[in-house]
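# Report on the structure
Chain residues, written in single-letter form:
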Amino acid sequence: MPTNDLDQIEATADLNWIPCFDIFTCTKLVVPLDYEDEEAGTTHVSFMRWGSNSTSANSTARDILLNPGGPGGSGIAMLQVGLPLLLNAIGPGHNLVGFDPRGVNNSGPDLSCVPGQEGTYRFYTELTIPIDATDKKSYAELYQKAAAFGDFCTKAHSAANDTAMYANTVATANDMRYYTELLAKTKGQDSTASQLWYYGASYGSVLGTTYAALFPDRVGRIAVDGIVDGEDYYEGKWAQSIDDADEAFSYFFQACYDAGKNGNCTFWDASPEAIERRFQAILDDLSDNPIPVAFDIPAIVTISDLKLFMVDVPYNPLDTFPVLANVLVGLEKRNATLLAQAVGIGYRADECNIVPETLPDAEPRHFIACTDANQRFNLSTYDAWVNHANGLIKTSKYLGEAWASGTSVACRKLDLKAPKSQVFEGYPGANKTSNPLLFISSAVDPVTPLRAAQKMVKRFGGARLLVQDSVGHASMSSTSECTYGVLKRYYSETAELPEEGTRCKADRVPFRNPGVMEPLRVRKRASPGY
């Protein structure tokens, strides 16, 4: 019988696949904490594979490793949730392999700052509350909450034998290389010449390009989608992410209008400008007048709650634009029921009704990103933090306040440093790779703007950029048979790239077509991120 519990799988030195979760096979691989220091010890990385024969994946097919973003996203969850979409996009001729990077979900080392606890996001919810540009006190409060987080987690991982510092992007890139070597051995091939086949979205583009920079002669196929500015990421700033966020919201106003008076946008009005004015009036009203709600417990909905909810909206317009429209209809009538339900306000959060397994862990995202940044971005002074936050707010009036409460400030007192062998200097690039990389970007992406893709593709010799004419985070926020065709041809034996300047049309538009399954982000009310 297939196992449905990854905890029951024994970690082994080889790829020992066993049936799991009905249609997959799973393995838990022992890996060195530091590939350049055997004395550091080992940890384990969990993998899940779908193949044409799920109990012994097609030996002639390539294994394509998957990463959904984050950092801290689960490739195993991506595969489970998004298999139908992935098969449409990549095709059924390959083995799809989701894995949890170091420190994430089912993989070691343990990053929890609260020993024995899962779903640790619930302990740090105040770190995700957007600052208020009109209230300087909110800047100070978040700055000190981030300090408390850093002090608390630094102390929790202060033991001499603690292994949290080994959870970082360079280490995970090495784990992917190691996987390809073991896979080559099982096929009787030269492990020193093994190559990585990979699809990564959002932060997954950082992981994929980092691998290509470290191992340029070990690239099989690396497709990256929703491209993070690697320089901005490794500098720890996260300041170049939301350049196009407000344009994505402008698309909501236009798409709602285009749906027509009798269409599916419940917030319709006579022009996009009229819709925007009503939207802004709701923001202004809620800024001054919170709305009471009462479900399990009495509570209020504030402007910060709406701005936190708004972070998710432009990621997947097909799914979220209709929800936003309904939320706005309610708020305009001073009814915050739908918004409260969306962000989990007004419900008891006691030990009897919380299921930690359904909540994300907070530490992986911050630990991996902060360790990668290697203390390069200095927010040790309050003035530096205020300037950073104000810069983000100037960039985006809709997402700036929430983005400011994200990762960079949480790093300021988290004292974890990767070993020298796992510190990436500069940002990813390679003049030549054994096979060229494929970069993909939406035309308007709220958190990984097209200009980041245009910048990063130039860092890799022979690489090519495909632009999908859609709004949303990464191409799979919509559907496009054109994009799928490009991916399938790239993952063929010929590694065919699109012609320079190729653009693909999206097949669906908000309010007119249904949404798509979402493999890229599986989170609820977690920190703003890729």
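What you see is a predicted model; the values in this text were computed from it and never measured.

### A look at the sheet that holds strand β2 (residues 24–32)
Taken in spatial order, the ten strands of this open sheet run β1-β2-β3-β5-β4-β6-β7-β10-β11-β12, and their pairing is mixed. Every interior strand has two partners, whereas the edge strands, β1 (18–20) and β12 (503–505), have only one. Between one strand axis and the next, the sheet turns by 30 degrees as a mean value, whatever way the strands run. Sheet analysis places strand β6 (residues 196–201) next to strand β7 (residues 219–225), joined by six bridges and oriented parallel. Across the sheet, Y198 pairs through a bridge with I222, a residue of β7. Helix-sheet contacts for helix α4 (residues 203–214) involve β4 (63–67), β5 (95–99), β6, β7 and β10 (438–444), and the interaxial angle to β6 is about 150 degrees.

### Here we look at the packing of helix α6 (residues 245–258) against helix α7 (residues 272–288)
The contact between α6 and α7 brings their axes to 8 Å, and the two run at 125 degrees. The angle between the axes of α6 and α7 places the two elements in the oblique class. Along this stretch, α6 crosses α7, giving a crossing that reads as right-handed. Contacts between α6 and α7 involve F249, F252, F253, Q254, C256 and Y257 from the former and P272, I275, E276 and F279 from the latter. Of the residues that constitute the contact of α6 with α7, the class distribution is eight nonpolar, one polar and one charged.

### A few points about the pairing of strand β9 (residues 298–301)
As defined by bridge partners, strand β8 (residues 291–294) adjoins β9 across four bridges and the pair is classed as antiparallel. Paired with I291 across the strands is V301, a residue of β9.

### Quick word on the environment of S441
Relative to the helices and strands, S441 is located in strand β10. On the basis of relative accessible area, S441 is assigned to the buried category, the value being 0%. Here S441 is in contact with D225, T448, L450, A453, L465, L466, V467 and Q468, once residues within four sequence places are set aside.

### Structural notes on a negative patch on the surface
On the surface, D5, D7, D110, E118 and D361 cluster together into a patch of negative charge. Overall, D110 belongs to the exposed group, its relative accessible area being 57%.

### Details of the side chain of R221
Position of R221 among the secondary structure elements: in strand β7. Comment: no salt bridge for buried R221; closest opposite-charge side chain is E493, at 4.9 Å. Only 3.0 Å separates the side chain of R221 from the backbone oxygen of Y490, close enough to count as a polar contact. Contacts of R221, omitting those with residues within four sequence positions, involve L196, W197, Y198, N435, Y490, Y491, S492, E493, T494 and A495.

Calculation rules
Residues numbered from 1 in each chain as written. Predicted model: local features only at pLDDT ≥ 70, side-chain atom pairs only at ≥ 80, totals over all residues. Heavy atoms only, no water. Pairing = 2+ DSSP bridges. Helix = DSSP H or I, 4+ residues; strand = E, 2+ residues; numbered from the N terminus. Axes fitted to C-alpha atoms, helices over the stretch in contact; angles between N-to-C directions. Contact = heavy atoms within 4.5 Å. Parallel < 35°, antiparallel > 145°, perpendicular 65-115°, else oblique. Left-handed = near helix turned anticlockwise from the far one by under 90°. Nonpolar A, V, L, I, M, F, W, Y, C, P; charged D, E, K, R; others polar. Buried < 20%, exposed > 50% of the residue type's maximum accessible area, 1.4 Å probe, protein only. Patch = residues over 30% accessible without salt bridge, like charges linked within 9 Å, V, L, I, M, F, W, Y side chains within 5 Å. Areas by Shrake-Rupley, 256 points an atom, 1.4 Å probe, with all protein chains shown as cover. Salt bridge = Lys/Arg side-chain N within 4 Å of Asp/Glu carboxyl O. Lys, Arg positive; Asp, Glu negative; His and termini not counted. Charge placed at Lys NZ, Arg CZ, Asp CG, Glu CD. Polar contact = N/O pair within 3.5 Å; in protein donor to acceptor, adjacent residues only side chain to side chain.

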